[in-house]
Amino acid sequence: MAPASTLVVLFMLADGSGGAGPLLEKGERLFRQGDTAGAIAAFDEAAKVDPKDARAPYLKGVALEKKGDAAAAASAYKQSIARKADFAEPHNNLGALLIARGDQQGALDELEAAVRAKPSYAEAQYNLGVARDALGKKQEAVAAYKEAVRLKPTDAAYRLNLGAALRRTGDVDGAVAALREATRLAPKDPMAWADLGMVLSDKKSYDEASVALDKATKLKPEFALAWNRLGRVALKRGQVPDAVAAEERARNAAFAADLCRALFEQKQAARAAVECHAAVELDPKNPLAHYELVKTLVAKGDCAAAKNALARFKALPAIKPEAKQQADAIVASCKK
C-alpha cells in the first residue's frame, strides 16, 4: 500500500500590496532557502501586522512541520482556521497530522471541512480516503480515492490506495485495474508491483502475480513484503522449493511463520520446527506461528511438545472455534 498520507505544501504568494504581504513573501523566500527559523520569525511578524490574515499562521505551520514540530504545527493550523474557517489548506494539513497521530475521527472532521471548502483539492480528497479507511468506512474511502484520482489522474500513490481500498470492498477486478495503472505511472515503484501481485494472486492469476512480485523484488531486493508474497504465490502453485527460497529472503517477525509453513510443505519437519519456534519467539501473539508449530511438532512425532504448543495456540485471543478444532484433530493424530 501507499503511505498513509502525504502532505502537499501549498504556498500562496503574497500580493506585496502592503500589510502582511511583504513579510509573507520574506518568510516564503527564507523557507525556500532553508532558513526555517527565519521563515517562522517572518510569519510571526506578519501575523502581528495583520491579525486577520490566515495565511501567516498557515505558512508558519508548514515551516514548523518542516522543522519536525508536529504539535506546534497543529496549533498554527488551528490558529489559521480560527481566522478563516473555510481555508482548505490548513484543514487538510491538520487532518494529515491527526492521521499520523492516530486521531482518525478528528482527521475526518478536518478533511471533510477541507473538501467542503475546496472540492477540487485532490490532496484533501486523498487524505479523506485515508481517514475513512482507518475508520472502516470502506465504500466512502473508495469514493474519496476515486475523486482524488479524477482530480489528479497522474498520481500513482492515489491509484495505489484506491487499489487497496477496492480490494477491501471485494472489487478485485477494480483493484487490478487501479494497480496496473499505478505500475504504468510509477514503473520503478516496488510497492505498486507488490500490490498488483497480491491482487492478481487473489484472482488466481498466479503466473502474472509471480511476474509482478518478481519485478518488485528486483526493484528492491531487501523488500521483505514482496518476497513473502512471492513465496505465498509459489506455494499456491506447488513450487515448494521456490516458496522456501522466497520466504528465506523475507524472514522477519512478520513473515517468519510463512517460512515455517513452506518448510513444512517441503517435508523438512525438523527445520520447520526450528523456524516455527523462532516465529513464535519473534511474535508470540501470531496465531499462524503457533498453529504451524503444532503441525511441525506432530510431523516430528514430538507429541508432548505438540500438546503444549496446542495449549498456547488455543489460549490466544480471537482464535476461531473451527481453528481450535482443526488443531485438536492434528494433535490427536500424533504418533511417536
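Definitions and cut-offs
Residues numbered from 1 in each chain as written. Predicted model: local features only at pLDDT ≥ 70, side-chain atom pairs only at ≥ 80, totals over all residues. Heavy atoms only, no water. 1 Å grid on protein atoms, 1.4 Å probe; cavity = no way out; pocket = protein on both sides within 12 Å on 5 of 7 lines; lining within 4 Å. Points joined across faces, edges and corners; volume = space filled by probe spheres on them. Helix = DSSP H or I, 4+ residues; strand = E, 2+ residues; numbered from the N terminus. Nonpolar A, V, L, I, M, F, W, Y, C, P; charged D, E, K, R; others polar. Disulfide = S-S within 2.5 Å. Buried < 20%, exposed > 50% of the residue type's maximum accessible area, 1.4 Å probe, protein only. Core = buried A, V, L, I, M, F, W, Y, C linked by side-chain atoms within 4.5 Å. Contact = heavy atoms within 4.5 Å.

A. Looking closely at empty space enclosed by the protein. Evaluation of the coordinates by the stated rule reveals 1 cavity of 30 Å³ or more. Within this model, the largest cavity holds a volume of roughly 30 Å³. Surrounding the largest cavity, Gly 231, Arg 232, Leu 235, Ala 243, Glu 247, Asp 258, Arg 261 and Ala 262 form its lining. Listed by contribution, the elements that provide at least two residues to the lining of the largest cavity are α13 (224-236), α14 (240-249) and α15 (256-265). Split into classes, the residues belonging to the lining of the largest cavity amount to 3 nonpolar, 1 polar and 4 charged.

B. Molecular detail of the layout of surface pockets. Approximately 170 Å³ is the volume found for the largest pocket. Arg 167, Met 198, Ser 201, Asp 202, Leu 213, Leu 225, Asn 228, Arg 229, Arg 232, Val 233, Lys 236 and Phe 255 are the residues that line the largest pocket. When contributions to the lining of the largest pocket are tallied by element, the ones reaching two or more residues are α11 (190-202) and α13. Of the residues forming the lining of the largest pocket, the biggest block, 6 residues, is contributed by α13. Among the residues forming the lining of the largest pocket, the class breakdown is 5 nonpolar, 2 polar and 5 charged.

C. View of the state of the cysteines. Overall, the coordinates contain 2 disulfides when judged by the stated rule. At a sulfur-sulfur separation of 1.5 Å, the disulfide partner of Cys 260 is Cys 276. Taken together, the positions of Cys 260 in helix α15 and Cys 276 in helix α16 (residues 269-282) put the pair 16 residues apart, joining distant regions of the chain. Cys 260 gets classed as buried once you look at its relative accessible area, which sits at 0%. Assessed through its relative accessible area of 0%, Cys 276 is described here as buried. With a sulfur-sulfur separation of 2.1 Å, Cys 303 is cross-linked through a disulfide to Cys 334. Between Cys 303 and Cys 334, the S-S torsion sits near -90°, and that sign places the bridge as left-handed. Taken together, the positions of Cys 303 in helix α18 (residues 303-315) and Cys 334 in the segment after α19 (321-332) put the pair 31 residues apart, joining distant regions of the chain. For Cys 334, a relative accessible area of 14% puts it in the buried group. With its bonded cysteines labelled in order along the sequence, the chain shows the pairing 1-2, 3-4.

D. Quick look at the nonpolar core. Counting 76 residues, the largest nonpolar core has Leu 24, Tyr 77, Tyr 145, Leu 162 and Leu 196 as the members making the most contacts within it. Counting residues per element, this core draws most heavily on α11, which supplies 7 residues. Every residue in contact with Tyr 145, bar those within four places of it in the chain, is listed here: Tyr 126, Gly 129, Val 130, Asp 133, Asn 161, Leu 162 and Ala 165. The next biggest cluster of nonpolar side chains, apart from the first, holds 23 residues, and it includes Ala 257, Cys 260, Ala 289 and Val 294.

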